[in-house]
Amino acid sequence: MKNDLLQIHFVAYLLVSLLTFCSIASAQTEKRKLTFGDEFNDAKDSPIDDNKWTAEIGGKGWGNQELQYYTNSTENAFHDGKGSLVIKVLEKDLPEDVFKCWYGKCKYTSARLITKGKFDQKYGRFEARIKIPRGQGMWSAFWMLGNDIDKVGWSKCGEIDILENIGREPKTIHGTIHGPGYEGAKGIGTAYKLADNSVFADNFHVYAVEWEKDKIEWFVDGKLYQTLTNKNLPKGKKWVYDHPFFLLLNLAIGGNWGGVPDKTTIFPEVMLIDYVRVYGEK
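In this text the structure is predicted, and so the values were computed from the model without any measurement.

(A) Here's a closer look at the state of the cysteines. Here the structure, examined in full by the defined rule, presents 1 disulfide. Paired by a disulfide, C101 and C106 hold their sulfur atoms 2.0 Å apart. Taking the sign of the S-S torsion, 115 degrees for the link of C101 and C106, the bridge is right-handed. For the residue pair C101 and C106, the accessibility class agrees, reading buried in each case.

(B) Summary view of the environment of T229. Within the secondary structure layout, T229 lies in strand β17 (residues 223–229). For the pair T229 and K215, spaced 14 residues apart in sequence, the C-alpha to C-alpha distance is 4.5 Å.

(C) The arrangement of the side chain of T109 in detail. Relative to the helices and strands, T109 is located in strand β8 (residues 108–110). When its relative accessible area of 2% is taken as the criterion, T109 is described as buried. Polar contacts involving the side chain of T109 include one to the side chain of N76, which spans 3.0 Å. When near neighbours in sequence (up to four residues on either side) are disregarded, T109 contacts Y69, T71, N76, K88, V89, L90, K92 and L94.

(D) Structural view of the nonpolar core. Among the nonpolar cores identified, the biggest contains 56 residues, and I130, I160, I177, Y241, L247 and V276 are the most heavily contacted of them. Ranked by residues supplied to this core, first place goes to strand β18 (residues 245–253) with 5 residues. Among residues more than four places away in sequence, those in contact with Y241 are Y123, G158, E159, I160, I177, H178, G179, Y182, W211, K213 and I216. I114, A141, I149 and C157 belong to the second largest nonpolar core, which has 8 residues in total.

(E) Spatial organisation of the pairing of β17. Pairing between strand β16 (residues 215–220) and β17: 6 bridges, direction antiparallel. Looking at β17, one finds that V220 is bridged to K223. Adjacent in sequence and paired antiparallel, β16 and β17 are bridged by 2 residues, among which D221 carries a positive phi angle near 50 degrees.

(F) Expanded view of the pattern of salt bridges. Per the counting criterion, the structure on display carries 11 salt bridges. A salt bridge links R125 to E210; its shortest N-O distance comes to 2.7 Å. Taken together, the positions of R125 in strand β10 (residues 124–131) and E210 in strand β15 (residues 205–211) put the pair 85 residues apart, joining distant regions of the chain. Its relative accessible area of 2% is what places R125 among the buried residues.

(G) Inspection of the environment of M271 at higher detail. Among the structural elements, M271 can be located in strand β19 (residues 269–279). Separated by 34 residues in sequence, M271 and K237 have C-alpha atoms that sit 35 Å apart. Apart from the residues lying within four places of it in its own chain, the contact partners of M271 are L85, V86, I87, I130, K131, P133, S140, A141, L249, N250 and L251.

(H) Unusual backbone geometry, seen in detail. Note that the residue after W154, namely S155, is joined by a cis bond; omega there is 20 degrees. With a phi angle near 55 degrees, W62 is a residue other than glycine that sits in the positive phi range. Turning to its location among the elements, W62 is positioned in the loop between β2 (54–55) and β3 (68–70). On the basis of relative accessibility, which here comes to 13%, the residue W62 falls in the buried class. Although it is not a glycine, Y123 sits at a positive phi angle of roughly 70 degrees. Mapped onto the secondary structure, Y123 falls in the loop between β9 (112–114) and β10.

(I) Broad picture of the pairing of strand β13 (residues 173–178). Most of β13 is tucked away: 6 of the 6 residues are buried. Burial along β13 is two-sided: I173, G175 and I177 and H174, T176 and H178, pointing in opposite directions, are all buried. In this sheet, β13 lies alongside strand β12 (residues 159–166) in antiparallel orientation, the contact comprising 4 bridges. Bridge pairing links I160 to I177 in β13. Here β12 folds back onto β13, and the loop between the two strands holds 6 residues.

What counts as what
- Residues numbered from 1 in each chain as written.
- Predicted model: local features only at pLDDT ≥ 70, side-chain atom pairs only at ≥ 80, totals over all residues.
- Heavy atoms only, no water.
- Disulfide = S-S within 2.5 Å.
- Buried < 20%, exposed > 50% of the residue type's maximum accessible area, 1.4 Å probe, protein only.
- Helix = DSSP H or I, 4+ residues; strand = E, 2+ residues; numbered from the N terminus.
- Polar contact = N/O pair within 3.5 Å; in protein donor to acceptor, adjacent residues only side chain to side chain.
- Contact = heavy atoms within 4.5 Å.
- Core = buried A, V, L, I, M, F, W, Y, C linked by side-chain atoms within 4.5 Å.
- Pairing = 2+ DSSP bridges.
- Salt bridge = Lys/Arg side-chain N within 4 Å of Asp/Glu carboxyl O.

Structure (structure tokens):
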């Protein structure tokens, strides 16, 4: 009898939590117009929608000495047939004449998907429901770059990291901005942990930013945890968040921040994306 009551109380708690989250999420989007969306409801094993996304290719380290080779293969990015996009990292014995990495023979493949040239937007709400992977060396990200990157370069174009997680910090995610004079390790942001200190990889969570002319706010599951304005920049540095940005989703391996995989890392590992939605200004 006691166990039955505990189960009833637990189910009731979950229902209240879900209703509270849905209420918050609805309030945050009810006055906004959907401008971009991908619900990832395509058939099992089908590729990304190339009307919305481009899969970048290469093993050049991507500015961080990352270890993966990004491909456009459905081995690394595909629909699971259950309503999610899968970004899958594989440990593979790759032919060096085809897969060349900055450190020599590539050891891993993964995917990096961008909307550059297909969708970008200035201001609004940008969100995704994601279940991140776990494990030493994993580096998950949902982020944005200024659409003028080819003209002015990084970091003058600006970067907004909606979600970043490195596998060795399973209970912590990061929200950060990078711009001229405050890039890389000098990026401005904060870390966030769930109220119950649980592991992010155990469940899907909704990661979002609301971006206005003079400020950017970060949310997890509808809860605001950080607000940044130009007042948070180092003295004399420029607020470069005044033009359209495009979206990126990727799962990197290793890198200066992520750290190399070790014997505790289990391959393959996956990042699941339930949806990506972008709304206009209120």
